[in-house]
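# Observations on chain architecture
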Amino acid sequence: QVQLVESGGGLVQAGGSLRLSCAASGRTFSRSAMAWFRQAPGKEREFVTGINWSGGITAYADSVKGRFTISRDNAKNTLLLQMNSLKPEDTAVYYCAAKTALGWVISRARDEYDYWGQGTQVTVSS
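The notes below deal with the structure included here. What you are looking at is a predicted structure, and each value in this text was computed from that prediction instead of being measured.

## Here we look at the state of the cysteines
Here a disulfide denotes one covalent bond, and it connects the sulfur atoms of two cysteines. Applying the stated criterion across every chain, the model contains one disulfide. Each sulfur in the disulfide pair Cys22 and Cys96 lies 2.0 Å from the other. Of the two residues, Cys22 is situated in strand β3 (residues 18–25) and Cys96 in strand β9 (residues 92–99); the sequence distance between them amounts to 74 residues. Exposure remark for Cys22: the relative accessible area of 0% places this residue in the buried category. With a relative accessible area of 0%, Cys96 lands in the buried category.

Pasting the structure below:
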């Protein structure tokens, strides 16, 4: 089992930066693919970025490519999301998620992720 706790959200002006962290407990973190999803009010939860178990493969939504960077530290059971050049449309609750099966493969599908954090609010003002 994996428990996930996000932190680092907050209020920032457009053009600013935030760094989200996801602390994971459980022995399967290092074998799991991980991802960040986000959900804005009235919208479906959407894939933002993912990383495979080793950190060697990453994937990004087109909307964040070049601005966001995902990374992980398996020794510390931590997933990170560096968000730069933030835009008002990035405003959402951000969730980290773990996919314990086929950890070398990143998925953009919500249904393939077994464990979710409680979310952290990111608000970008214009």
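## A short note on the environment of Lys65
Structurally, the position occupied by Lys65 is in the loop between β6 (58–60) and β7 (68–73). Considering only alpha carbons, one finds Lys65 and Val48, 17 residues apart in sequence, at a separation of 9.1 Å.

## Describing the side chain of Lys99
Assignment of secondary structure puts Lys99 in strand β9. In this structure, Lys99 is buried with no salt-bridge partner, the nearest side chain bearing the opposite charge being Glu112 at 4.7 Å. Among residues more than four places away in sequence, those in contact with Lys99 are Ser32, Ala33, Val105, Ser107, Glu112, Tyr113 and Asp114.

## Describing a nonpolar patch on the surface
A cluster of nonpolar residues, Trp53, Leu102, Trp104 and Val105, forms a patch on the protein surface that exposes about 430 Å² of accessible area. When its relative accessible area of 37% is taken as the criterion, Val105 is described as partly exposed.

## A look at the side chain of Arg72
Within the fold, Arg72 resides in strand β7. Summary of buried charges: Arg72 has no salt-bridge partner, and the nearest side chain of opposite charge, Asp73, is 8.3 Å away. Among the polar contacts listed, one links the side chain of Arg72 to the backbone oxygen of Ser32, at a separation of 2.8 Å. A distance of 2.8 Å separates the side chain of Arg72 from the side chain of Asn74, its partner in a polar contact. Residues in contact with Arg72, not counting those within four places in the same chain, are Phe29, Ser30, Ser32, Ala33, Met34, Ile51, Asn52, Trp53, Gly55, Thr78 and Leu79.

Calculation rules
Residues numbered from 1 in each chain as written. Predicted model: local features only at pLDDT ≥ 70, side-chain atom pairs only at ≥ 80, totals over all residues. Heavy atoms only, no water. Disulfide = S-S within 2.5 Å. Helix = DSSP H or I, 4+ residues; strand = E, 2+ residues; numbered from the N terminus. Buried < 20%, exposed > 50% of the residue type's maximum accessible area, 1.4 Å probe, protein only. Lys, Arg positive; Asp, Glu negative; His and termini not counted. Salt bridge = Lys/Arg side-chain N within 4 Å of Asp/Glu carboxyl O. Contact = heavy atoms within 4.5 Å. Patch = residues over 30% accessible without salt bridge, like charges linked within 9 Å, V, L, I, M, F, W, Y side chains within 5 Å. Areas by Shrake-Rupley, 256 points an atom, 1.4 Å probe, with all protein chains shown as cover. Polar contact = N/O pair within 3.5 Å; in protein donor to acceptor, adjacent residues only side chain to side chain.

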